[in-house]
Amino acid sequence: MDMHIPLGGKELSLAVFVSGSGTNLQALIDRAESGQLRAKIEVVVSDRADAYGIERAKRHGIPAFVVNYADYINRCATRAEAYRAAEMEILEILERFEVDYVCLAGFMRLVSPSFLQCFRDGLVYRVLNIHPALLPSFPGMHGYEDTFSYGCKWGGVTVHFVDEGEDTGPIIAQAVYPIWPDDTIEVVRQRGLSLEYELYAQVVNWIASGFVRAIKKGRRTICHVTDPKYSLIIRNLVEKAMNACSVH
Ligand code: GAR
């Protein structure tokens, strides 16, 4: 399967991949339903049968599929083989839908280079990820815990194109929130998640509007958002995160 479309310039068709509660998925669904998202969520895929995100999709009439990675891992000789088989199943599902972009939204699996190749578009792959930390700090599965336990005074969230590494792909947008002295990890997580919901939708809209450019700088691919309102929008997001805790 080889899909070639321009990076943006139209309403996007999305596949959203989840592993857990799916609050980011819910935020995208809500924005799509209220006309605030220049995208349609065509299909939801989870690697786990117990992911609540599947339930959320079904409630909104979105086709939802479980590709049981654990089963493949039990059945296959190696993890790589298991992932290959699971990804084949995912690609077969996606072929039934016209999907421009895959949005990882709390999907706790790496995607393989051969999966990514199916979404190649010039310098990037049309696969997005939301990460709960200010990359390149704190990659991996515990962005909020790592940020908090390190003693950071600001946390951040990142939306990036996925590449072959773990949380190493070209950064599209980031926003930060304060961490105050008496905050708990749960307060920090909630503050960050609210920012995730806004930033992910914003990035989808920027891509759909053709506002995201990728250029090669040395060995790196660098992204720029060309929306004239870019700095205003980011400033507003950060200010909102500040005001959410103005008691301090
Ligand atoms: C979100 O915080 C997301 O950024 C994170 O998992 C959470 C999923 O929450 N993703 C990662 O850590 C990926 N490395 P959700 O299921 O409620 O959207």
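Presented here is an overview of the structure given in this document. (Residues numbered from 1 in each chain as written. Predicted model: local features only at pLDDT ≥ 70, side-chain atom pairs only at ≥ 80, totals over all residues. Heavy atoms only, no water.)

Things to note about the environment of Gln36
Turning to step 1, where the next piece is worked out: Structurally, the position occupied by Gln36 is in the loop between helix 1 (23-33) and strand 2 (39-46).
Turning to step 2, where the next piece is worked out: Residues Gln36 and Ala201, 165 residues apart in the sequence, show an inter-C-alpha distance of 8.3 Å.
Turning to step 3, where the next piece is worked out: Sequence-distant contacts of Gln36, defined by excluding residues within four places in its chain, comprise Arg31 and Asn205. (Helix = DSSP H or I, 4+ residues; strand = E, 2+ residues; numbered from the N terminus. Contact = heavy atoms within 4.5 Å.)

Considering the side chain of Arg191
Turning to step 1, where the next piece is worked out: Tracing the backbone through its elements, the reader meets Arg191 in helix 7 (residues 185-208).
Turning to step 2, where the next piece is worked out: Residue classification places Arg191 among the buried residues on the basis of a relative accessible area of 10%.
Turning to step 3, where the next piece is worked out: One polar contact links the side chain of Arg191 to the main-chain carbonyl oxygen of Pro178, over a distance of 2.8 Å. (Buried < 20%, exposed > 50% of the residue type's maximum accessible area, 1.4 Å probe, protein only. Polar contact = N/O pair within 3.5 Å; in protein donor to acceptor, adjacent residues only side chain to side chain.)

A word on the site of the ligand
Turning to step 1, where the next piece is worked out: Looking at the ligand, there are 13 residues lining it, with Ser21, Gly22, Thr23, Asn24 and Glu196 nearest.
Turning to step 2, where the next piece is worked out: A distance of 3.5 Å is found between an oxygen atom of the ligand and a backbone nitrogen or oxygen belonging to Ile130.
Turning to step 3, where the next piece is worked out: In this structure, a nitrogen atom belonging to the ligand sits 3.1 Å away from a main-chain N or O atom of Gly140.
Turning to step 4, where the next piece is worked out: Contact with the protein chains removes 89% of the 450 Å² of surface that the ligand exposes when unbound.
Turning to step 5, where the next piece is worked out: The set of elements that each furnish at least two residues to the shell around the ligand consists of helix 1, strand 7 (127-131) and helix 7. (Near = heavy atom within 4 Å. Areas by Shrake-Rupley, 256 points an atom, 1.4 Å probe, with all protein chains shown as cover.)

Some points on the packing of helix 1 against helix 7
Turning to step 1, where the next piece is worked out: Between helix 1 and helix 7, the shortest axis-to-axis distance is 9 Å and the interhelical angle comes to 50°. In terms of axis orientation, helix 1 runs oblique to helix 7. Considering the relative orientation of helix 1 and helix 7, their crossing is right-handed. Where helix 1 abuts helix 7, its residues Thr23, Asn24, Ala27, Leu28 and Arg31 lie against Leu193, Glu196, Tyr197, Glu198, Tyr200 and Ala201.
Turning to step 2, where the next piece is worked out: Each residue belonging to the contact of helix 1 with helix 7 can be placed in one class, and the counts come to 6 nonpolar, 2 polar and 3 charged. (Axes fitted to C-alpha atoms, helices over the stretch in contact; angles between N-to-C directions. Parallel < 35°, antiparallel > 145°, perpendicular 65-115°, else oblique. Left-handed = near helix turned anticlockwise from the far one by under 90°. Nonpolar A, V, L, I, M, F, W, Y, C, P; charged D, E, K, R; others polar.)

Quick look at the nonpolar core
Note on soluble globular proteins: their nonpolar side chains tend to be buried together.
Turning to step 1, where the next piece is worked out: Counting residues in hydrophobic clusters, the biggest one holds 52 residues, and the most contacted among them are Val16, Ile41, Leu128, Phe161, Ile172 and Ile207.
Turning to step 2, where the next piece is worked out: With 12 residues, helix 7 is the largest single contributor of residues to this core. (Core = buried A, V, L, I, M, F, W, Y, C linked by side-chain atoms within 4.5 Å.)

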